[in-house]
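A look at the structure
Each chain is listed here by its residues.
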Amino acid sequence: KPTFPQKSLPLYEKDIELLQFPVNLEFLEAEFFLWGALGHGLDVVEPELPKGGPPPIGAQKANLDLLTKNIITEFAYQEVGHLRFICIYSFLLY
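Below is a short write-up of the structure. (Residues numbered from 1 in each chain as written. Predicted model: local features only at pLDDT ≥ 70, side-chain atom pairs only at ≥ 80, totals over all residues. Heavy atoms only, no water.)

1. Section: the side chain of Glu46
As for its placement among the helices and strands, Glu46 is situated in the loop between helix H2 (42–45) and helix H3 (66–90). Side chain to side chain, Glu46 and Arg84 meet in a polar contact 2.4 Å long. Sequence-distant contacts of Glu46, that is, excluding residues within four places in its chain, are made with Val80 and Arg84. (Helix = DSSP H or I, 4+ residues; strand = E, 2+ residues; numbered from the N terminus. Polar contact = N/O pair within 3.5 Å; in protein donor to acceptor, adjacent residues only side chain to side chain. Contact = heavy atoms within 4.5 Å.)

2. Considerations on the packing of aromatic side chains
Enumeration according to the criterion identifies two aromatic pairs in this entry. Centroid distance Phe32 to Phe33: 5.4 Å. Interplanar angle 70°. Geometry classified as edge-to-face. Take Phe32: its relative accessible area is 59%, and that puts it in the exposed class. A relative accessible area of 18% places Phe33 in the buried class. Aromatic pair Phe33 and Phe75: ring centres 5.4 Å apart, planes at 55°, arrangement tilted. Here Phe75 lies in helix H3 and Phe33 lies in helix H1 (residues 13–38), a separation of 42 residues in the sequence. When its relative accessible area of 35% is taken as the criterion, Phe75 is described as partly exposed. (Phe/Tyr/Trp six-rings, centres within 6.5 Å; stacked < 30°, edge-to-face > 60°. Buried < 20%, exposed > 50% of the residue type's maximum accessible area, 1.4 Å probe, protein only.)

Here it is as structure tokens:
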């Protein structure tokens, strides 16, 4: 569990609305890279992030050479890290 400062700034409703688009974009990117490189999405890698939402329709693993697969896998895990940060520190999804 992360520790929080004793005094924190409030998170206003308008702030949450402004952050919702980037959060959705991070979900899209994470799902895209995970499915392309590994053949599965956030529901397998980090099941608490999508909170049981519907899986993508038509997503499938790409036919990639080893180097490209490794690069896309790194992109995927980077996006998962972005989502973890946003979810934990902004309280949008938890």
